[in-house]
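Examination of the molecular architecture
Chain residues, written in single-letter form:
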Amino acid sequence: MRLSRRHTLAGAGALAASAAFGLPVLSPAQAQAPAGAQAPGFYRYKIGDIVVTAIHDGFGRRPLEGFVRNAELADVKRAMAEAFLPQDALQITFTTLAIQHGGKLTLVDTGNGDSGAPTSGTWMANFKAAGLDPKDVSSVVFSHFHGDHINGFRLKDGSAVFPNAEVLVPAAEWAFWMDDAKMNAAPDGMKGAFAGVRRVFGPVAKDVRRFEPGKELLPGLTPVAAPGHTPGHTVFALASGNDRMMIMSDTTNHPALFVRNPDWSAVFDMDGPQAAATRRKLLDMVAAERMQVAFYHAPFPAVGFIAREGNGFEMVPVQWSSAV
Ligand SMILES: [Zn+2]
């Protein structure tokens, strides 16, 4: 790697950090954002020797009314007010993880691609701003098959976004969504989700690797069954050295509502009572073990810890650090 004196002076710390982890190095020009634009949405941290990059895919707005199945709107509004959030609609954010371990680059979920709300779809720009290249992705691991997690794998025109990646999916999730009888029996409102799964995975169906929970999938990454949100919804323990983190996927939607009130169910939870039981069990466990957690729908960079609070829990974000 050749560096000009200007590069070296401009970002010696960042360059040293990038070089140490074998990451491509950004030039100052690449790192520039136009005035008025938000900072690039990536955040890097380490779990032992594993480098994790949280990659933001923007947000979707969802009216608050009807969002929580088993709570009064007034109570939901109160929870929003307590978290200093608006009373009419919720900004649901999307944060995927890129994991660098042993020279490999693994993604956990892929964001909305070009199929989401107009305020989403920032994933690729942020991924590239983090110095990462879709061609270098060796594995894509999916937590479950909702569109905001899988559509980034294949654009609307059918093109594959990660041409060199092996695809790993929860066996229970595959069994449910690829079952034609389940699709035919589903209410009309859900048929689109089945079609979406077939659109994304159809072309690679014969190569997809289906995994069961409990067995290490990739170095340091072990799937844990977390059913309820969807039948095969999966969370992942990430471990290296003495460090551990639980990748909580959609165990909760926004923490201000569902970490705080774990018995509440979002409309996206396919089996509300089962999702709530899973949520309590996992939140209890990570709180007791003081284990770091990453959520898909928590405020960016969507990483922190869980503390017990009253009858529920509180998410405590990590302190943002300029050092990886
Ligand atoms: Zn989701």
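Conventions we followed
- Residues numbered from 1 in each chain as written.
- Predicted model: local features only at pLDDT ≥ 70, side-chain atom pairs only at ≥ 80, totals over all residues.
- Heavy atoms only, no water.
- Donors = N, O, S within 2.8 Å, 3.2 Å for Na, K, Ca; no water.
- Tetrahedral: all angles 85-135°; square planar, octahedral: opposite > 155°, others 65-115°.
- Helix = DSSP H or I, 4+ residues; strand = E, 2+ residues; numbered from the N terminus.
- Buried < 20%, exposed > 50% of the residue type's maximum accessible area, 1.4 Å probe, protein only.
- Pairing = 2+ DSSP bridges.
- Expected span 1.5 Å × (residues − 1).
- Arc of directions from axis to C-beta.
- Contact = heavy atoms within 4.5 Å.
- Polar contact = N/O pair within 3.5 Å; in protein donor to acceptor, adjacent residues only side chain to side chain.
- pLDDT = per-residue confidence, 0-100.
- Axes fitted to C-alpha atoms, helices over the stretch in contact; angles between N-to-C directions.
- Core = buried A, V, L, I, M, F, W, Y, C linked by side-chain atoms within 4.5 Å.

Another point: the coordination of the zinc ion. Coordination of the zinc ion by the protein involves Asp148 (OD), His149 (NE2), Asp250 (OD) and His297 (NE2), with metal-donor separations of 2.1 to 2.4 Å. The site at the zinc ion holds 4 donor atoms, and with the angles between them running 88 to 174 degrees, its shape is irregular. Coordination of the zinc ion draws on donor residues from a single chain, spaced D-H-x100-D-x46-H in sequence. One end of the pair, Asp250, is in the loop between strand 10 (243–247) and helix 10 (255–258); the other, His297, is in the loop between strand 11 (292–294) and strand 12 (303–309), and 47 residues separate them in sequence. Both residues of the pair, Asp250 and His297, belong to the buried class.

With that out of the way, let us pick up the pairing of strand 2 (residues 50–63). With 10 of 14 residues buried, strand 2 lies mostly within the body of the structure. Here strand 1 (residues 42–47) pairs with strand 2 via 6 bridges, running antiparallel. The residue bridging Arg44 from the neighbouring strand is Thr53, located in strand 2. Counted between consecutive antiparallel strands, the loop separating strand 1 from strand 2 contains 2 residues, among which Gly48 sits at a positive phi close to 55 degrees. Inspection of the sheet shows strand 2 paired to strand 3 (residues 89–101) by 11 bridges, in the antiparallel sense. Across the sheet, Ile55 pairs through a bridge with Thr96, a residue of strand 3.

Our focus in this paragraph is helix 11 (residues 272–288). For the α-helix, the turn length of 3.6 residues means that residues three or four positions removed from each other point alike. In a regular helix each residue adds 1.5 Å, so 17 residues correspond to 24 Å; helix 11 covers 24 Å between its end C-alpha atoms and thus fits that length. Among the residues making up helix 11, those that are buried are Gly272, Ala275, Ala276, Thr278, Arg279, Leu282, Leu283, Val286 and Ala287. The arc that holds every buried residue of helix 11, seen down its axis, measures 165 degrees, which confines them to one face. Facing away from the buried side of helix 11 by more than 90 degrees, the exposed set consists of Pro273, Lys281 and Ala288. Tucked inside the fold, the buried residues of helix 11 contact strand 9 (234–240), strand 10, helix 10, strand 11, strand 12 and strand 13 (312–317). The opening residue of helix 11 is Asp271, an N-cap whose side-chain oxygen sits 3.1 Å from the backbone nitrogen of Gln274.

Here the focus is the confidence of the model for the protein. When pLDDT is averaged along the protein, the result is 92; 90% of the residues meet or exceed 70. Predicted confidence for residues 1–20 stays below pLDDT 50, and this span has 13 contacts to residues more than four positions away or in other chains.

Remark on secondary structure: sheet strands pair via backbone hydrogen bonds, oriented parallel or antiparallel. If you walk across this open sheet you meet the 7 strands as 1-2-3-4-5-6-7, and the pairing is mixed. Every other strand in the sheet has two partners, leaving strand 1 and strand 7 (209–211) as the edge strands with one partner each. Each neighbouring strand pair of the sheet contributes to a mean axis angle of 25 degrees, computed without reference to strand direction.

Next up on the list: the pairing of strand 6 (residues 166–170). The buried fraction of strand 6 amounts to 4 of the 5 residues, a majority that puts the element mostly inside the structure. Alignment of strand 5 (residues 139–141) against strand 6, held across 3 bridges, turns out to be parallel. Among the inter-strand pairings, Val141 is bridged to a residue of strand 6, identified as Leu168. Direction of pairing for strand 6 relative to strand 7: parallel, over a ladder of 3 bridges. Bridge pairing links Pro170 to Phe211 in strand 7.

On to the nonpolar core. In this structure, Phe142, Phe145, Phe162 and Phe201 are the most contacted members of the largest nonpolar core, which totals 30 residues. Put simply, the parts of the chain that give this core at least two residues each are strand 4 (104–108), helix 5 (123–129), strand 6, helix 7 (171–177) and helix 9 (188–201). Sort the elements by how many residues they give to this core and helix 9 lands first, with 4 residues. Counting 21 residues, the second largest nonpolar core, distinct from the first, contains Leu97, Ile99, Leu168 and Leu218.

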